Structure formats: structure tokens, C-alpha cells
Amino acid sequence: MKTTIKYIIRAICALVGMVAFVLLMGEPTEEITLANFIVIKAVSLLALWGVFNGYMCTLTKAEREEVEDERV
């Protein structure tokens, strides 16, 4: 049951991360003002940061060390 919850959290993080990435890379349209555009970018950047931290919390200690070693 614990691993099932872990994988559900990872799936939710993946979905939220994909949406946040698309919003972050998107371009403004005529309906979106500059102020709204900046707020959307800021919220999507914070969402990506939260998704990364949420994903890292679901990893075991060995998996986390492996990911940290790959980043270096």
C-alpha cells in the first residue's frame, strides 16, 4: 500500500510538472496581459520547484543518493 501511494504521488507530480512546463514555455496571446503573463510564469516556476521537491520526497535514501550523484 505504501508503494502504491508513492507511485500515485509520482504520477501526480509528473502530470503537474508537464502542465507547469508547458505554461512556463508558452508565449502570451492577445487575451493575456503582461501582468497576468508574469504571474502565470511565476506560478508555473514555483509549481515545477514544488514538483521536484515532492518527487524527491518519494525517493528512498539509496535512490536519492543515486539521483544526486548523477546531477554532479
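As the structure is a prediction and not an experimental result, all values here were calculated from the model.

Draft legend 1. Highlighting a negative patch on the surface. A cluster of like negative charges, contributed by E65, E66, E68, D69 and E70, occupies part of the molecular surface. Here E68 shows up in helix α3 (residues 61-71). On the basis of relative accessible area, E68 is assigned to the partly exposed category, the value being 35%.

Draft legend 2. Spatial organisation of the side chain of T58. Mapped onto the elements, T58 comes out in helix α2 (residues 34-58). Contact partners of T58, with chain neighbours within four places excluded, come to K6, I9 and R10.

Draft legend 3. The arrangement of the environment of F37 in detail. Position of F37 relative to the elements: it lies in helix α2. With 23 residues separating them in the primary sequence, F37 and T60 have C-alpha atoms 37 Å apart. In this view, F37 contacts G26, E27, P28 and I32; residues no more than four positions away in its chain are not counted.

How each quantity is defined
- Residues numbered from 1 in each chain as written.
- Predicted model: local features only at pLDDT ≥ 70, side-chain atom pairs only at ≥ 80, totals over all residues.
- Heavy atoms only, no water.
- Patch = residues over 30% accessible without salt bridge, like charges linked within 9 Å, V, L, I, M, F, W, Y side chains within 5 Å.
- Areas by Shrake-Rupley, 256 points an atom, 1.4 Å probe, with all protein chains shown as cover.
- Salt bridge = Lys/Arg side-chain N within 4 Å of Asp/Glu carboxyl O.
- Lys, Arg positive; Asp, Glu negative; His and termini not counted.
- Charge placed at Lys NZ, Arg CZ, Asp CG, Glu CD.
- Helix = DSSP H or I, 4+ residues; strand = E, 2+ residues; numbered from the N terminus.
- Buried < 20%, exposed > 50% of the residue type's maximum accessible area, 1.4 Å probe, protein only.
- Contact = heavy atoms within 4.5 Å.

Purely geometric numbers; function is a separate question.
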